[in-house]
Amino acid sequence: MPASSDLLNQLRIDRNAPPPARAGGGRWPWIAGALGVLAVAAVLAWTLREEPLAVRVATTEALQAGTPGTGAASVLDASGYVTARRIATVSSKITGKVEQVMIEEGQAVAEGEIMARLEATDAEAQRDLAEARLASARNEATRAAAQLTLAEQTLVRTRDLAERKLVAAAALDQAQAERDALAAQRQAAASNIRVAEESLALAQIGVDNTIVRAPFAGVVTVKAAQPGEMISPISAGGGFTRTGIGTVVDMDSLEIQVDVNEAFIGRVRPGQKVQAVLNAYPDWRIPAEVIAIVPTADRSKATVKVRIAFIEKDARVVPDMGVRVSFLEDAPPAAANAPAPTGVAVPAEAVVQRDGRSAAFVVREGRASLRELEVADARDGRRRVSKGLAAGEQVVLSPPSELVDGAAVVVRE
C-alpha cells in the first residue's frame, strides 16, 4: 500500500498546470460576438431606410379670386345659434288618454295632418245622443206641421159655415185658436231643431278634439307621448300627465340669432350682408343677411340681439346648431372698365417666408410640395396669389418649421 504522504501528494492541486481543453470551447465567444454585430447592423440598416414620421397639418382650399367669401371684408364677427321662428309643442284641447300616436322624430308633417288620437268613447256617445235628439225634434216638427195643416183646413170650413150662419161664432173662434196654437207649436219645433243641430255640432267638436293635428307644415323633432298615457293641455302635476304629443318645427322659418356687444352694434344695420359658418360644417360658407336688430339690450351681458336670415335654404341646417357669422362691409362699386381679379385667394396664414421669398405648401397624394408664390395684394386676412397656385388646390395652414418640400403629411380634421 502507498504511504500516507503519497496519498496526500496525489490530492494536492497543481496551480501551474494548463487548463484542460474542451472540445470546440474556443469558438463560441467569437460566434456570439459576430451574431451581435450582425443584429446591430440590421437594426441600423432598418433605421436608416425608414422614412421620417408624417407631419400632421391642417389644409384649406385655394379659392378663385373674386368668388363669394373672398371679396368683401368683415367689419364684425359674432357667434350665435340657429333658431326657428315657428316651433310648437302640439297638445290636445281636452284631457284624455292617448290611443294612437302617428309621428316619429324626423318625420315631415303637412298642415292639418293627424299626429295622434285620444280615446273618443265619451265624445262619440255625446254625439250619438245629440243625433237622437235632433231626430226627435225633426219628428216633432213633422207632427206639428201635419196638425197645423189640418187646423188650417178646419178653420177655412168653419169660417165658411159661420158666414152662412150655420155654426155659432164660438166654433169659429175655437177653430182660429186651435190653428194659432198649432202654428206656435210648429215654430217651437223648428227652434228645437236648430237647438238640436247646434248640440250635434258641439258634440262633433268634442269628437274632433280627440284628434291632434299638426298646426303647420314642418318636421317633428320631439315625440313626447306614447299610447296609454294621459295628456292634458295644462299641467296636472305629479309627472303622470303629458302636456304635449310632440314638437313640430317649420324648417323654412330657420334663422340665426346672435348677441352683439353693444359697443359694436353701430357696425350692424338691417339688410347688411352676412357670411355664416356652421360649427358642424367649417368649410361651408352660407350667404345670409341681417333681418332686424332687436330694439332692446341685455343689461346683464351688455349685448343686443340681431336676427339674421339664410338666403339659401339647406336641409343640413337644423335648429340649435352653433354658428359663427361675419358682418360684411358694402363692396365698393366696381369701375366700368376695371379688370376682374385674377389668381386665387388663400388665408394669410398659408403664406410663409422661405429663403426670403413667399411660399406655400400644397398637399398632394400625402406629401407636401413647396411652391414659390407671387402675392398680388392682401385684404381682410387673405392673400391674393397671382402665380404659383391654382384654384381647388389644398394649401397647408400655418406650416410648421419642420415641414420641408416632399415631406409626408397627414391632414387632420
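An account of the accompanying structure is given in this report. In this text, all values refer to a predicted model and were calculated from it rather than measured experimentally.

Thresholds, definitions, all that
Residues numbered from 1 in each chain as written. Predicted model: local features only at pLDDT ≥ 70, side-chain atom pairs only at ≥ 80, totals over all residues. Heavy atoms only, no water. Salt bridge = Lys/Arg side-chain N within 4 Å of Asp/Glu carboxyl O. Helix = DSSP H or I, 4+ residues; strand = E, 2+ residues; numbered from the N terminus. Buried < 20%, exposed > 50% of the residue type's maximum accessible area, 1.4 Å probe, protein only. Pairing = 2+ DSSP bridges. Contact = heavy atoms within 4.5 Å. Phe/Tyr/Trp six-rings, centres within 6.5 Å; stacked < 30°, edge-to-face > 60°. Lys NZ or Arg CZ within 6 Å of the ring centre and 35° of its normal.

Next up on the list: the pattern of salt bridges. Counting across every chain of the model gives 16 salt bridges. The partner of Glu-229 in a salt bridge is Arg-242, with the nearest N and O atoms 3.2 Å apart. Taken together, the residues span a long stretch of sequence, with Glu-229 in the loop between β9 (218-223) and β10 (230-231) and Arg-242 in strand β11 (residues 241-242) at a distance of 13 residues. For Glu-229, a relative accessible area of 23% puts it in the partly exposed group. In this structure Arg-242 comes out as partly exposed when scored by relative accessible area, which is 39%. Between Lys-273 and Glu-289 there is a salt bridge, and its shortest N-O distance comes to 3.6 Å. One end of the pair, Lys-273, is in strand β14 (residues 273-278); the other, Glu-289, is in strand β15 (residues 285-298), and 16 residues separate them in sequence. Judged by relative accessible area, Glu-289 falls into the partly exposed class, the value being 30%. The network of salt bridges with common partners includes Arg-85, Glu-255 and Arg-307.

Let's shift gears to the pairing of strand β4 (residues 87-90). Covered by surrounding structure in β4 are Ala-88 and Val-90 only, the residues Ile-87 and Thr-89 on the alternate face being uncovered. Sheet topology note: the β4/strand β12 (residues 246-249) ladder contains 4 bridges and is antiparallel. For Ile-87, the partnering residue across the bridge sits in β12 and is Val-249.

With that settled, the discussion passes to the environment of Gly-206. One can find Gly-206 in helix α4 (residues 169-208). Counting along the chain gives 84 residues from Gly-206 to Asp-122, while the straight-line C-alpha distance between them is 9.0 Å. Ignoring anything within four residues of it in the chain, the contact list for Gly-206 reads Ile-94 and Ala-123.

With that settled, the discussion passes to the packing of aromatic side chains. Scanning all chains against the criterion turns up 1 aromatic pair. Taking 5.8 Å as the distance between ring centres and 80 degrees as the angle between the ring planes, the aromatic pair formed by Tyr-281 and Trp-284 counts as edge-to-face. Given the relative accessible area of 30%, Tyr-281 is considered partly exposed. It is Arg-316 that lies over the ring of Tyr-281; its NZ or CZ is 5.5 Å from the centre. A cation over an aromatic ring shows up here: Arg-316 above the ring of Trp-284, its NZ or CZ 3.8 Å from the ring centre.

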